[in-house]
Amino acid sequence: MAMIEVNGATFTYPGNKTPALRDVSFEVQVGTWLAIVGHNGSGKSTLARLIDGLLPLGTGTITVDGLPVTVANLTAIHQRVAFVFQNPDNQFVGTTVADDVAFGLENQRLDRNEMQARVNQALKEVNMLEFADREPAQLSGGQKQRVALAGALALHPQVLIVDEATAMLDPEGKDQIMKLLTRLHNEGKLTILSITHDTREAALADQMIMIDGGQLVANGDPKKLLADKKLMEDHQLTPTFLVALKDELASQGVTGLDDVTTEDEMVTWIWQKLNSTK
Amino acid sequence: MMNSRVLFGSYVPMNAPLHRLDPRLKLVTCFWYVVLVFFARGPWTYLMLVAMLAGMIGLSKIALRLYWTGIKPLIWVIGLTVAIQILFSSGGHVYWHWGLMAITSAGIAQAFVILARFILIVLASTVLTATTPPLRLADAIESLMRPLKKLRVPVNQIAMMISIALRFIPTIMEEVSTIVKAQQARGVDFASGSLYTRVKRMVPIMVPLFIGAFRRAEDLAMAMEARGYDPDQERTRYRQLTWQRPDSIVLAVVVLVSALFFLVLAFT
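Given the structure is predicted, the values throughout are model-derived calculations rather than measurements.

Student: Would you mind going over the confidence of the model for chain B with me for this structure?
Tutor: Parts of the model with low pLDDT should not have their predicted coordinates read in detail. Residues and elements named next belong to chain B. On average, chain B scores 87 in pLDDT, and the residues at 70 or more come to 96%. Per-element averaging of pLDDT across chain B places helix H1 (residues 2-7) at the bottom with 40 and helix H3 (residues 23-39) at the top with 95. Below pLDDT 50 for its whole length, residues 1-8 participates in 16 contacts with residues either more than four positions away or in separate chains. Here the predicted complex scores 0.79 on pTM and 0.85 on ipTM.

Student: Which parts of the structure should I look at to understand the packing of helix H3 (residues 97-107) of chain A against helix H4 (residues 112-125) of chain A?
Tutor: Think of two packed helices as two axes; the pair is described by the angle between the axes and how far apart they sit. Residue and element names in this part refer to chain A. At a minimum axis separation of 10 Å, H3 and H4 run at an interaxial angle of 120°. When the axis of H3 is compared with that of H4, the two are oblique. Every pair of crossing elements has a handedness; the one defined by H3 and H4 is right-handed. Residue-level contacts link Ala98, Val101, Ala102 and Leu105 of H3 to Met115, Arg118, Val119, Ala122 and Leu123 of H4. For the contact of H3 with H4, a count of residues per class yields eight nonpolar, no polar and one charged.

Student: Help me understand the sheet that holds strand E1 (residues 2-11) of chain A in this model?
Tutor: Strands pair in a sheet through their backbones, by hydrogen bonds, and they do so in one of two ways: parallel or antiparallel. Residues and elements named next belong to chain A. Sheet architecture is open: four strands sit in the order E2-E1-E4-E5, paired in antiparallel fashion. Only two strands of the sheet have a single neighbouring strand rather than two, namely strand E2 (21-29) and strand E5 (67-68). The sheet contact formed by strand E4 (residues 59-64) and E5 spans two bridges and is antiparallel. The partner of Val64 across the bridge, within E5, is Leu67. Each of E1, E2 and E4 is contacted by helix H1 (residues 44-51), which is oriented at about 120° to E1, the strand it contacts most.

Student: Just checking my understanding: could you explain the sheet that holds strand E8 (residues 191-196) of chain A for this structure?
Tutor: Residues and elements named next belong to chain A. The six strands are arranged E6-E7-E8-E3-E9-E10 in an open sheet whose pairing can be described as mixed. A strand with exactly one partner marks an edge of an open sheet, and here the two such strands are strand E6 (81-84) and strand E10 (215-220). Ignoring strand direction, the axes of neighbouring strands in this sheet form an average angle of 15°. Here strand E9 (residues 207-212) pairs with E10 via five bridges, running antiparallel.

Student: Teacher, can you tell me more about the domain arrangement of chain A here?
Tutor: Often the size quoted for an interface is simply the accessible area lost on bringing the parts together. All names here are of chain A. Parsing chain A into structural domains produces domain 1 (2-236) and domain 2 (240-278). For domain 1 and domain 2, the distance between their C-alpha centres works out to 33 Å. Across the contact, seven residues belong to domain 1 and five residues belong to domain 2. For the side of domain 1 that touches domain 2, the elements supplying multiple residues, two or more each, are helix H7 (199-202) and helix H8 (222-227). Ranked by the residues each element gives to the side of domain 1 that touches domain 2, the list is headed by H8, at three residues. A breakdown of the residues in the side of domain 1 that touches domain 2 according to their chemical character gives three nonpolar, one polar and three charged.

Student: How should I be thinking about the domain arrangement of chain B in this particular structure?
Tutor: Taken domain by domain, chain B consists of domain 1 (12-134 + 243-266) and domain 2 (154-226). Measuring from the centre of the C-alpha atoms in domain 1 of chain B to the corresponding centre in domain 2 of chain B gives 36 Å.

Student: I tried to follow H3 of chain A on my own but got confused; where do I start?
Tutor: Residue and element names in this part refer to chain A. Counting buried positions along H3 gives eleven out of eleven residues, so the element sits mostly inside the fold. Buried within H3 are the following residues: Val97, Ala98, Asp99, Asp100, Val101, Ala102, Phe103, Gly104, Leu105, Glu106 and Asn107. Elements in contact with the buried residues of H3: H4 and helix H5 (141-153).

Student: Looking at this structure, how should I read the nonpolar core?
Tutor: The nonpolar side chains of soluble globular proteins are, as a tendency, buried together. Core analysis: the largest hydrophobic core is formed by 79 residues, its most contacted members being Ile36, Ile51, Val101 and Ala150 of chain A. Not counting the four nearest positions on each side in its chain, Ala150 of chain A is found in contact with Val101, Ala122, Leu123, Glu125, Val126 and Met128 of chain A. Counting 16 residues, the second-largest nonpolar core is a separate cluster that includes Leu36, Met56, Leu120 and Ala124 of chain B.

Parameters at a glance
- Residues numbered from 1 in each chain as written.
- Chains lettered and ligands numbered in written order.
- Predicted model: local features only at pLDDT ≥ 70, side-chain atom pairs only at ≥ 80, totals over all residues.
- pLDDT = per-residue confidence, 0-100.
- Helix = DSSP H or I, 4+ residues; strand = E, 2+ residues; numbered from the N terminus.
- Contact = placed C-beta atoms within 7 Å.
- Axes fitted to C-alpha atoms, helices over the stretch in contact; angles between N-to-C directions.
- Parallel < 35°, antiparallel > 145°, perpendicular 65-115°, else oblique.
- Left-handed = near helix turned anticlockwise from the far one by under 90°.
- Nonpolar A, V, L, I, M, F, W, Y, C, P; charged D, E, K, R; others polar.
- Pairing = 2+ DSSP bridges.
- Domains from an automatic or database assignment.
- Buried ≥ 20, exposed ≤ 12 C-beta atoms within 10 Å, placed from the backbone.
- Core = buried A, V, L, I, M, F, W, Y, C linked by C-beta atoms within 7 Å.

The following block contains the structure:
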């Protein structure tokens, strides 16, 4: 079943002549991790905002869980879609960690006991329970993003949109968020949309779409798309380390790399080579 | 954290009896104390006020030295008011006069009254801010304002504004220091020059600060919307104030002491 269906979505920012997004169509199945990639200003964030109804769609249709994204359905859409933004500071609404996680629950008018249980559970999930009473000024960027993720998870959403959530973090913070997303994905039901220009992050997804100049230029298996050197170059994306390494090895005349599609497989492959030459 | 402490009195984190009381009770009692200060007349009532204050300070378990830091920044205001009171009031025996100015016995007496009121009020409000974190105080204000909803006062929105303002004070302070450092790195000197040039040098701090604040506001609004915030909708509260037995006891004590105060006032 398709969780998200986007059909001919077009959007122009007020005051602009050229649309930020032009005739984009794709589907995401329940439980899929979709990576939306593209360079800065390609329109990928605009697309994410349209899916959550944070911007009004120009023409075309978008449905989430069978519900069309329209003004009348906004409350229902916000209950199904949780959003984590890029800037760790500017999405921290609450005065303490627990308050921030509870913010969305207060909006849904949940009962105090239910809120407490969900706040604790969500904070446990992102490993921030012991920080519940801290103020945002006492947290690192990575910790703030984990709190933002807890705030999103506490809502029990069906779709989680992560818009460049690791772009402002140090490598360690980035790693923690990616591990969390992988775990959530492996648990099953959550549909994840991660917007990124980091191709390494995209490699973790099940499906990948590429946006350039507001248009959908590719939709498919990230392993295949990321290996397509011409496609990546055409749309100003840096190839992943794996692809770059394979490329370099191939240019040195090394063969037998065709079946290697992940970094783990590459490590095994290199080990085998090293052992066999001993 | 540090910054918010500097700005809002000086909350002293402790677990004293006064810290644990309901912030609404503390806020109302503080107001009520100020009212009593203005009713006080004659040595007995003032003595009672001092005793009440001593009781509050005792229950706060905070060192007297910290209360002194509460009064210190106000010493000029207090001094000036007292001086004006001494020099410009009339009545009673005249000790000295020059033009409009005169030192009289009534003036000195009045100055003492003003000095006493000032110190009592400042100390009482320091007890409040030292034992109550700003956030709890904001909760108390919201809770006490709730009846105003009937008069269509947007209490929820005001409470949200106060809590967001408290939340962003440290963030904005941090940004100010970043901007100041960035401008210093470009060779701006904030320490020297006349007052006018120094004020003029604040402009390159204010402009990026305001632009940054607007960008933040836009991001924050979108994040709040994404999490289902609707200003016109009723929301439930995660942080709740609970009235407990010690609160009732303290309230009873406050009522009794007030009754005694007015009795003494009536018979003197």
